[in-house]
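Descriptive analysis of the structure
Below, each chain spelled out in residue letters.
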Amino acid sequence: MNYTVENLEKNKAKITVKVDPKDWQDALQKAYEKTKNKYQIGGFRKGHVPFKVIVNNYGIGVFFDDALDIILPEEYRKVLEQEKELDPVDTPEVGLNAISDTTLEFTLTVQCKPDFTLGKYTGLEVNRDKVEVSDDEVMAEINAKLDEAGAWLPVVDRAAKKGDQVTIDYSGSVDGVKFDGGTAQMQKLLLGSGNFIPGFEEQVEGMNVDEERDITVTFPEEYHEKSLAGKQAVFAIKLHEISEKDVPELNDESVKDISEFDTVEEYKASVKNNIEDKKNSEADSKLENDIIQMIADDSKVEIPQCMIDHQVEEMLEEFEQRLQYQGLKADDYYKYTGATREQVKEGYKEMAAKNVKLRLTLEALLKAVQVPVSDEEIDEKIAEMAQRAGKTFDEYKGFINEQYREYLRRDLVTSKLFEYLKNNNTIK
(Lines give C-alpha, C1' and ligand atoms only; values in the text may rest on other atoms or scores of the structure.)
Protein backbone atom coordinates (compact mmCIF):
# COMPACT_ATOMS: atom_id res chain seq x y z
CA MET A 1 0.00 0.00 0.00
CA ASN A 2 1.25 3.45 -0.95
CA TYR A 3 -0.28 6.45 0.79
CA THR A 4 0.29 10.06 1.80
CA VAL A 5 -1.29 12.17 4.55
CA GLU A 6 -1.93 15.89 4.11
CA ASN A 7 -3.01 17.98 7.08
CA LEU A 8 -5.82 20.38 6.23
CA GLU A 9 -7.27 23.25 8.23
CA LYS A 10 -9.62 22.72 11.18
CA ASN A 11 -8.05 19.39 12.14
CA LYS A 12 -8.89 17.58 8.95
CA ALA A 13 -6.56 15.15 7.22
CA LYS A 14 -6.58 14.09 3.58
CA ILE A 15 -5.27 10.57 3.01
CA THR A 16 -4.42 9.61 -0.56
CA VAL A 17 -4.11 5.86 -1.10
CA LYS A 18 -2.76 3.98 -4.12
CA VAL A 19 -3.88 0.40 -3.67
CA ASP A 20 -1.53 -2.43 -4.57
CA PRO A 21 -2.85 -3.91 -7.86
CA LYS A 22 -2.89 -7.42 -6.40
CA ASP A 23 -5.00 -6.26 -3.42
CA TRP A 24 -7.43 -4.57 -5.80
CA GLN A 25 -7.64 -7.72 -7.91
CA ASP A 26 -8.37 -9.73 -4.76
CA ALA A 27 -11.15 -7.32 -3.82
CA LEU A 28 -12.68 -7.60 -7.30
CA GLN A 29 -12.55 -11.38 -7.02
CA LYS A 30 -14.27 -11.25 -3.62
CA ALA A 31 -16.93 -8.98 -5.10
CA TYR A 32 -17.45 -11.56 -7.86
CA GLU A 33 -17.85 -14.38 -5.31
CA LYS A 34 -20.35 -12.26 -3.40
CA THR A 35 -22.50 -11.31 -6.39
CA LYS A 36 -22.09 -14.10 -8.96
CA ASN A 37 -25.50 -15.58 -8.14
CA LYS A 38 -27.12 -12.48 -9.64
CA TYR A 39 -25.91 -13.24 -13.14
CA GLN A 40 -27.49 -15.63 -15.63
CA ILE A 41 -25.90 -15.93 -19.07
CA GLY A 42 -26.77 -18.48 -21.73
CA GLY A 43 -24.67 -21.62 -21.57
CA PHE A 44 -23.94 -21.28 -17.83
CA ARG A 45 -25.88 -22.28 -14.75
CA LYS A 46 -26.90 -19.41 -12.51
CA GLY A 47 -24.12 -18.73 -10.02
CA HIS A 48 -21.52 -20.48 -12.18
CA VAL A 49 -20.83 -17.79 -14.78
CA PRO A 50 -17.02 -17.25 -14.87
CA PHE A 51 -15.57 -13.90 -13.81
CA LYS A 52 -14.24 -13.09 -17.30
CA VAL A 53 -17.55 -13.91 -18.97
CA ILE A 54 -19.40 -11.47 -16.71
CA VAL A 55 -16.77 -8.81 -17.39
CA ASN A 56 -17.03 -9.36 -21.14
CA ASN A 57 -20.81 -9.03 -21.02
CA TYR A 58 -21.29 -6.27 -18.46
CA GLY A 59 -17.89 -4.63 -17.97
CA ILE A 60 -15.58 -4.73 -14.95
CA GLY A 61 -17.51 -1.82 -13.40
CA VAL A 62 -20.29 -4.12 -12.19
CA PHE A 63 -17.95 -5.23 -9.40
CA PHE A 64 -16.62 -1.83 -8.37
CA ASP A 65 -19.18 -0.92 -5.68
CA ASP A 66 -18.90 -4.22 -3.82
CA ALA A 67 -15.11 -4.31 -4.22
CA LEU A 68 -14.83 -0.78 -2.81
CA ASP A 69 -16.99 -1.79 0.17
CA ILE A 70 -14.50 -4.58 0.79
CA ILE A 71 -11.19 -2.79 0.30
CA LEU A 72 -11.81 0.74 1.61
CA PRO A 73 -12.21 -0.28 5.28
CA GLU A 74 -9.16 -2.55 5.02
CA GLU A 75 -6.94 0.18 3.55
CA TYR A 76 -8.22 2.76 6.04
CA ARG A 77 -7.46 0.42 8.94
CA LYS A 78 -3.91 -0.11 7.64
CA VAL A 79 -3.32 3.65 7.48
CA LEU A 80 -4.61 4.19 11.03
CA GLU A 81 -2.33 1.41 12.29
CA GLN A 82 0.64 3.29 10.82
CA GLU A 83 -0.44 6.87 11.57
CA LYS A 84 -0.98 6.70 15.33
CA GLU A 85 -1.35 10.48 15.64
CA LEU A 86 -4.50 10.45 13.51
CA ASP A 87 -7.51 10.37 15.80
CA PRO A 88 -10.68 10.31 13.63
CA VAL A 89 -13.99 11.42 15.13
CA ASP A 90 -16.19 10.90 12.08
CA THR A 91 -16.66 8.64 9.06
CA PRO A 92 -14.27 9.75 6.30
CA GLU A 93 -15.45 11.31 3.04
CA VAL A 94 -14.36 9.16 0.10
CA GLY A 95 -13.19 10.47 -3.25
CA LEU A 96 -12.13 8.32 -6.22
CA ASN A 97 -9.10 9.54 -8.16
CA ALA A 98 -8.65 6.56 -10.49
CA ILE A 99 -10.38 3.23 -10.88
CA SER A 100 -10.03 0.46 -13.46
CA ASP A 101 -9.55 -3.30 -13.56
CA THR A 102 -5.93 -2.88 -12.40
CA THR A 103 -5.83 0.50 -10.66
CA LEU A 104 -7.45 2.04 -7.63
CA GLU A 105 -6.50 5.38 -6.14
CA PHE A 106 -8.76 7.18 -3.68
CA THR A 107 -8.74 9.88 -1.03
CA LEU A 108 -10.17 9.83 2.47
CA THR A 109 -10.88 13.20 4.06
CA VAL A 110 -11.32 12.66 7.76
CA GLN A 111 -12.20 14.92 10.67
CA CYS A 112 -9.75 14.39 13.51
CA LYS A 113 -10.02 15.18 17.19
CA PRO A 114 -9.62 18.93 17.72
CA ASP A 115 -6.64 20.65 19.35
CA PHE A 116 -7.35 21.11 23.05
CA THR A 117 -5.79 23.69 25.36
CA LEU A 118 -6.24 22.42 28.90
CA GLY A 119 -7.16 25.02 31.48
CA LYS A 120 -5.82 25.36 35.00
CA TYR A 121 -6.44 22.15 36.95
CA THR A 122 -4.61 22.68 40.25
CA GLY A 123 -4.85 25.45 42.83
CA LEU A 124 -8.59 25.88 42.27
CA GLU A 125 -11.19 26.55 44.97
CA VAL A 126 -14.25 24.31 44.73
CA ASN A 127 -17.26 24.06 47.02
CA ARG A 128 -18.55 20.71 48.24
CA ASP A 129 -22.12 20.44 49.47
CA LYS A 130 -22.40 20.24 53.24
CA VAL A 131 -24.01 16.96 54.29
CA GLU A 132 -26.63 17.05 57.03
CA VAL A 133 -29.38 14.59 57.91
CA SER A 134 -32.48 15.83 59.71
CA ASP A 135 -34.75 13.86 62.02
CA ASP A 136 -37.57 14.44 59.53
CA GLU A 137 -35.58 12.72 56.77
CA VAL A 138 -34.92 9.74 59.03
CA MET A 139 -38.58 9.45 59.98
CA ALA A 140 -39.71 9.81 56.37
CA GLU A 141 -37.53 6.81 55.47
CA ILE A 142 -38.80 4.79 58.43
CA ASN A 143 -42.43 5.69 57.76
CA ALA A 144 -42.04 4.55 54.17
CA LYS A 145 -40.78 1.17 55.42
CA LEU A 146 -43.64 0.89 57.89
CA ASP A 147 -46.08 1.75 55.09
CA GLU A 148 -44.61 -1.03 52.94
CA ALA A 149 -45.17 -3.45 55.83
CA GLY A 150 -48.78 -2.35 56.23
CA ALA A 151 -51.75 -4.50 55.16
CA TRP A 152 -54.90 -3.43 53.35
CA LEU A 153 -57.97 -4.18 55.47
CA PRO A 154 -61.59 -4.05 54.24
CA VAL A 155 -63.84 -1.18 55.36
CA VAL A 156 -67.65 -1.56 55.46
CA ASP A 157 -68.87 0.97 58.03
CA ARG A 158 -67.95 4.28 56.37
CA ALA A 159 -67.63 6.06 53.04
CA ALA A 160 -64.45 6.13 51.00
CA LYS A 161 -61.94 8.87 51.78
CA LYS A 162 -58.59 10.08 50.52
CA GLY A 163 -55.87 7.47 51.18
CA ASP A 164 -58.26 4.54 50.79
CA GLN A 165 -57.91 1.93 48.07
CA VAL A 166 -61.21 1.30 46.31
CA THR A 167 -62.32 -1.30 43.78
CA ILE A 168 -64.69 0.11 41.17
CA ASP A 169 -66.38 -0.51 37.85
CA TYR A 170 -66.54 2.49 35.55
CA SER A 171 -67.89 3.27 32.11
CA GLY A 172 -67.16 6.61 30.47
CA SER A 173 -68.97 8.37 27.64
CA VAL A 174 -68.74 11.68 25.79
CA ASP A 175 -72.04 13.09 24.51
CA GLY A 176 -73.62 9.74 25.38
CA VAL A 177 -71.13 7.71 23.30
CA LYS A 178 -68.68 5.35 25.02
CA PHE A 179 -65.04 5.73 24.03
CA ASP A 180 -62.13 3.29 23.80
CA GLY A 181 -60.34 2.74 27.10
CA GLY A 182 -63.13 4.30 29.12
CA THR A 183 -64.55 1.10 30.60
CA ALA A 184 -63.16 -1.24 33.27
CA GLN A 185 -64.34 -3.73 35.88
CA MET A 186 -62.96 -4.33 39.36
CA GLN A 187 -60.35 -1.60 38.87
CA LYS A 188 -58.29 -0.79 41.97
CA LEU A 189 -57.70 2.91 42.61
CA LEU A 190 -55.79 4.66 45.39
CA LEU A 191 -57.75 7.81 46.19
CA GLY A 192 -55.45 10.81 46.19
CA SER A 193 -52.86 9.20 43.91
CA GLY A 194 -53.70 11.50 40.99
CA ASN A 195 -53.54 8.59 38.57
CA PHE A 196 -56.94 9.33 37.02
CA ILE A 197 -58.33 12.38 35.25
CA PRO A 198 -58.42 15.48 37.49
CA GLY A 199 -61.61 15.52 39.53
CA PHE A 200 -62.30 11.79 39.12
CA GLU A 201 -60.86 10.54 42.41
CA GLU A 202 -62.31 13.45 44.42
CA GLN A 203 -65.83 12.54 43.27
CA VAL A 204 -65.36 8.89 44.21
CA GLU A 205 -64.60 10.04 47.75
CA GLY A 206 -67.76 9.85 49.85
CA MET A 207 -69.14 6.78 48.07
CA ASN A 208 -70.12 3.70 50.07
CA VAL A 209 -69.77 0.00 49.25
CA ASP A 210 -72.27 -1.08 46.52
CA GLU A 211 -73.15 2.55 45.77
CA GLU A 212 -73.52 3.68 42.15
CA ARG A 213 -72.91 7.24 41.03
CA ASP A 214 -72.43 9.24 37.81
CA ILE A 215 -69.56 11.72 37.91
CA THR A 216 -68.62 14.40 35.41
CA VAL A 217 -65.01 15.29 34.56
CA THR A 218 -63.24 17.26 31.85
CA PHE A 219 -60.22 15.83 30.04
CA PRO A 220 -57.14 18.10 30.08
CA GLU A 221 -56.51 20.20 26.97
CA GLU A 222 -53.13 18.47 26.56
CA TYR A 223 -54.55 14.95 26.95
CA HIS A 224 -52.60 12.43 24.84
CA GLU A 225 -55.73 11.14 23.08
CA LYS A 226 -56.53 14.16 20.95
CA SER A 227 -60.15 13.11 20.31
CA LEU A 228 -60.82 13.44 24.08
CA ALA A 229 -58.68 16.50 24.85
CA GLY A 230 -60.76 19.21 26.51
CA LYS A 231 -63.96 17.14 26.29
CA GLN A 232 -66.44 16.70 29.14
CA ALA A 233 -67.13 13.06 30.02
CA VAL A 234 -69.62 11.26 32.26
CA PHE A 235 -68.46 8.14 34.12
CA ALA A 236 -70.95 5.67 35.59
CA ILE A 237 -69.29 4.35 38.78
CA LYS A 238 -70.07 1.35 40.97
CA LEU A 239 -67.98 0.95 44.11
CA HIS A 240 -67.41 -2.65 45.21
CA GLU A 241 -64.81 -2.48 47.97
CA ILE A 242 -63.08 0.00 50.27
CA SER A 243 -59.77 -0.83 51.96
CA GLU A 244 -57.59 1.16 54.33
CA LYS A 245 -53.98 0.42 55.11
CA ASP A 246 -53.18 -0.75 58.61
CA VAL A 247 -49.67 0.66 59.17
CA PRO A 248 -47.76 -0.71 62.18
CA GLU A 249 -46.65 1.73 64.86
CA LEU A 250 -42.97 2.39 65.34
CA ASN A 251 -41.77 0.33 68.28
CA ASP A 252 -39.18 -2.33 69.04
CA GLU A 253 -41.47 -5.11 67.84
CA SER A 254 -42.23 -3.51 64.46
CA VAL A 255 -38.54 -2.67 64.00
CA LYS A 256 -37.72 -6.37 64.27
CA ASP A 257 -40.21 -7.07 61.47
CA ILE A 258 -38.90 -4.46 59.03
CA SER A 259 -35.16 -4.56 59.75
CA GLU A 260 -32.27 -6.54 61.22
CA PHE A 261 -32.28 -4.45 64.40
CA ASP A 262 -33.87 -5.03 67.80
CA THR A 263 -34.60 -1.49 68.94
CA VAL A 264 -35.97 1.73 67.51
CA GLU A 265 -32.79 3.63 68.41
CA GLU A 266 -30.54 1.14 66.64
CA TYR A 267 -32.72 1.27 63.56
CA LYS A 268 -32.84 5.07 63.53
CA ALA A 269 -29.05 5.24 63.78
CA SER A 270 -28.68 2.83 60.88
CA VAL A 271 -31.16 4.73 58.71
CA LYS A 272 -29.38 8.00 59.48
CA ASN A 273 -26.00 6.49 58.54
CA ASN A 274 -27.41 5.15 55.26
CA ILE A 275 -28.89 8.52 54.32
CA GLU A 276 -25.63 10.21 55.25
CA ASP A 277 -23.62 7.77 53.13
CA LYS A 278 -25.92 8.37 50.17
CA LYS A 279 -25.69 12.13 50.54
CA ASN A 280 -21.90 11.97 50.84
CA SER A 281 -21.74 9.90 47.66
CA GLU A 282 -23.96 12.42 45.87
CA ALA A 283 -21.89 15.33 47.22
CA ASP A 284 -18.67 13.66 46.00
CA SER A 285 -20.14 13.06 42.55
CA LYS A 286 -21.30 16.67 42.32
CA LEU A 287 -17.89 17.86 43.51
CA GLU A 288 -16.13 15.83 40.81
CA ASN A 289 -18.50 17.17 38.17
CA ASP A 290 -17.96 20.73 39.41
CA ILE A 291 -14.17 20.36 39.27
CA ILE A 292 -14.26 19.03 35.71
CA GLN A 293 -16.73 21.76 34.70
CA MET A 294 -14.49 24.44 36.20
CA ILE A 295 -11.47 23.08 34.30
CA ALA A 296 -13.53 22.77 31.10
CA ASP A 297 -14.69 26.39 31.40
CA ASP A 298 -11.03 27.45 31.51
CA SER A 299 -10.07 25.19 28.58
CA LYS A 300 -10.16 26.14 24.90
CA VAL A 301 -11.28 23.97 22.01
CA GLU A 302 -13.14 24.35 18.72
CA ILE A 303 -15.45 21.34 18.67
CA PRO A 304 -16.27 19.93 15.20
CA GLN A 305 -19.99 19.87 14.50
CA CYS A 306 -19.84 16.13 13.76
CA MET A 307 -18.84 15.41 17.39
CA ILE A 308 -21.83 17.36 18.66
CA ASP A 309 -24.12 15.64 16.16
CA HIS A 310 -22.92 12.20 17.25
CA GLN A 311 -23.45 13.11 20.90
CA VAL A 312 -26.97 14.38 20.17
CA GLU A 313 -27.78 11.10 18.43
CA GLU A 314 -26.46 9.09 21.39
CA MET A 315 -28.53 11.16 23.84
CA LEU A 316 -31.64 10.75 21.70
CA GLU A 317 -31.16 6.97 21.44
CA GLU A 318 -30.75 6.75 25.22
CA PHE A 319 -33.95 8.78 25.66
CA GLU A 320 -35.88 6.52 23.31
CA GLN A 321 -34.54 3.43 25.10
CA ARG A 322 -35.76 4.84 28.42
CA LEU A 323 -39.19 5.30 26.86
CA GLN A 324 -39.16 1.63 25.81
CA TYR A 325 -38.24 0.54 29.36
CA GLN A 326 -41.31 2.48 30.51
CA GLY A 327 -43.46 0.65 27.98
CA LEU A 328 -43.84 3.56 25.56
CA LYS A 329 -42.75 3.49 21.93
CA ALA A 330 -40.83 6.51 20.71
CA ASP A 331 -43.26 7.04 17.81
CA ASP A 332 -46.17 7.08 20.28
CA TYR A 333 -44.34 9.60 22.48
CA TYR A 334 -43.85 11.96 19.55
CA LYS A 335 -47.49 11.46 18.57
CA TYR A 336 -48.83 12.17 22.07
CA THR A 337 -46.61 15.19 22.71
CA GLY A 338 -46.89 16.66 19.22
CA ALA A 339 -43.10 16.97 19.08
CA THR A 340 -40.96 15.66 16.24
CA ARG A 341 -37.71 13.73 16.55
CA GLU A 342 -35.87 16.67 14.99
CA GLN A 343 -37.31 19.08 17.58
CA VAL A 344 -36.17 16.82 20.43
CA LYS A 345 -32.70 16.59 18.84
CA GLU A 346 -32.54 20.37 18.61
CA GLY A 347 -33.21 20.58 22.35
CA TYR A 348 -30.23 18.32 23.05
CA LYS A 349 -27.64 20.34 21.10
CA GLU A 350 -26.53 22.69 23.86
CA MET A 351 -26.15 19.87 26.39
CA ALA A 352 -24.40 17.71 23.79
CA ALA A 353 -21.78 20.40 23.13
CA LYS A 354 -21.21 20.71 26.88
CA ASN A 355 -20.87 16.93 27.28
CA VAL A 356 -18.35 16.70 24.43
CA LYS A 357 -16.21 19.42 25.97
CA LEU A 358 -16.33 17.71 29.37
CA ARG A 359 -15.26 14.43 27.78
CA LEU A 360 -12.38 16.12 25.96
CA THR A 361 -11.39 17.83 29.21
CA LEU A 362 -11.28 14.50 31.03
CA GLU A 363 -9.20 12.94 28.25
CA ALA A 364 -6.76 15.87 28.35
CA LEU A 365 -6.48 15.59 32.13
CA LEU A 366 -5.68 11.89 31.92
CA LYS A 367 -2.87 12.68 29.48
CA ALA A 368 -1.57 15.54 31.61
CA VAL A 369 -1.65 13.81 34.99
CA GLN A 370 -0.56 10.35 33.79
CA VAL A 371 -2.12 8.33 36.61
CA PRO A 372 -0.47 4.90 36.91
CA VAL A 373 -2.50 1.75 37.62
CA SER A 374 -0.70 -1.54 38.23
CA ASP A 375 -1.85 -5.09 37.54
CA GLU A 376 -1.81 -5.64 41.30
CA GLU A 377 -4.35 -2.86 41.80
CA ILE A 378 -6.64 -4.39 39.18
CA ASP A 379 -6.31 -7.75 40.93
CA GLU A 380 -7.24 -6.09 44.24
CA LYS A 381 -10.39 -4.73 42.59
CA ILE A 382 -11.22 -8.19 41.27
CA ALA A 383 -10.64 -9.67 44.74
CA GLU A 384 -13.16 -7.20 46.21
CA MET A 385 -15.70 -8.17 43.56
CA ALA A 386 -15.05 -11.86 44.22
CA GLN A 387 -15.62 -11.41 47.95
CA ARG A 388 -18.94 -9.65 47.35
CA ALA A 389 -19.98 -12.49 45.04
CA GLY A 390 -19.00 -15.13 47.61
CA LYS A 391 -16.28 -16.62 45.40
CA THR A 392 -12.54 -17.07 45.66
CA PHE A 393 -10.24 -14.81 43.67
CA ASP A 394 -9.28 -17.63 41.30
CA GLU A 395 -12.91 -18.63 40.74
CA TYR A 396 -13.97 -15.08 39.96
CA LYS A 397 -10.89 -14.27 37.89
CA GLY A 398 -11.98 -16.92 35.41
CA PHE A 399 -14.94 -14.71 34.45
CA ILE A 400 -12.72 -11.69 33.74
CA ASN A 401 -11.45 -11.33 30.17
CA GLU A 402 -8.90 -8.80 28.92
CA GLN A 403 -11.61 -6.45 27.74
CA TYR A 404 -13.13 -6.28 31.22
CA ARG A 405 -9.70 -5.88 32.82
CA GLU A 406 -9.20 -2.86 30.57
CA TYR A 407 -12.56 -1.50 31.73
CA LEU A 408 -11.48 -1.94 35.36
CA ARG A 409 -8.17 -0.26 34.59
CA ARG A 410 -9.91 2.79 33.08
CA ASP A 411 -12.26 2.94 36.05
CA LEU A 412 -9.33 2.91 38.48
CA VAL A 413 -7.46 5.51 36.44
CA THR A 414 -10.46 7.83 36.54
CA SER A 415 -10.95 7.31 40.29
CA LYS A 416 -7.28 8.05 40.97
CA LEU A 417 -7.44 11.13 38.74
CA PHE A 418 -10.29 12.55 40.81
CA GLU A 419 -8.36 11.81 44.00
CA TYR A 420 -5.44 13.74 42.51
CA LEU A 421 -7.72 16.68 41.68
CA LYS A 422 -9.24 16.71 45.16
CA ASN A 423 -5.79 16.60 46.78
CA ASN A 424 -4.40 19.37 44.58
CA ASN A 425 -7.28 21.81 44.82
CA THR A 426 -8.92 23.57 47.76
CA ILE A 427 -12.23 21.96 48.70
CA LYS A 428 -14.49 24.15 50.81
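Here the structure is a predicted model, which is why all the values come from computation and not from measurement. (Residues numbered from 1 in each chain as written. Predicted model: local features only at pLDDT ≥ 70, side-chain atom pairs only at ≥ 80, totals over all residues. Heavy atoms only, no water.)

Next up on the list: the pattern of salt bridges. Using the criterion set out here, one finds 31 salt bridges in the structure. A salt bridge links R77 to E81, with the nearest nitrogen and oxygen atoms 3.0 Å apart. Here R77 and its partner E81 are both found in helix α3 (residues 64-82), four residues apart, which amounts to about one turn of the helix. Residue classification places R77 among the partly exposed positions, given a relative accessible area of 43%. By relative accessible area, E81 is classed as partly exposed at 41%. Put simply, R341 and E313 hold a salt bridge, and the shortest N to O gap is 3.1 Å. (Salt bridge = Lys/Arg side-chain N within 4 Å of Asp/Glu carboxyl O. Helix = DSSP H or I, 4+ residues; strand = E, 2+ residues; numbered from the N terminus. Buried < 20%, exposed > 50% of the residue type's maximum accessible area, 1.4 Å probe, protein only.)

Within the open sheet, the four strands sit side by side as β1-β2-β4-β3. Their pairing is antiparallel. Looking at strand neighbours, the two that pair on one side only are β1 (2-8) and β3 (93-99), the edges of this open sheet. For this sheet, the mean inter-axis angle between neighbouring strands, taken without regard to orientation, is 15°. Across six bridges, the pairing between β3 and strand β4 (residues 104-111) is antiparallel. Within the sheet, the bridge partner assigned to E93 lies in β4 and is T109. (Pairing = 2+ DSSP bridges. Axes fitted to C-alpha atoms, helices over the stretch in contact; angles between N-to-C directions.)

Note: α-helices contain 3.6 residues per turn, so residues at a spacing of three or four share the same orientation. End to end, helix α13 (residues 402-423) covers 31 Å across 22 residues, agreeing with the expected 32 Å (1.5 Å per residue, within 8%). If you check which residues of α13 are buried, you get R405, L408, L412, V413, L417, F418, L421 and K422. The inward-facing, buried residues of α13 contact α7 (264-297), α10 (341-369), α11 (375-388), α12 (393-397) and β13 (426-427). Residue N401 occupies the N-cap position of α13, its side-chain oxygen lying 3.3 Å from the main-chain nitrogen of Q403. (Expected span 1.5 Å × (residues − 1). Contact = heavy atoms within 4.5 Å. Polar contact = N/O pair within 3.5 Å; in protein donor to acceptor, adjacent residues only side chain to side chain.)

Centre distance and the angle of the planes are the two values used to describe a pair of aromatic rings. By the definition in use, this model includes 20 aromatic pairs. Each ring, one from Y39 and one from F63, has its centre 6.3 Å from the other, and the planes form 70°; the classification is edge-to-face. Here Y39 is found in the loop between α1 (21-35) and α2 (51-58), whereas its partner F63 is found in the loop between α2 and α3, with 24 residues between them in sequence. Classification of Y39 by relative accessible area gives buried; the value is 9%. (Phe/Tyr/Trp six-rings, centres within 6.5 Å; stacked < 30°, edge-to-face > 60°.)

Interpretation in functional terms is not warranted from these geometric data alone.
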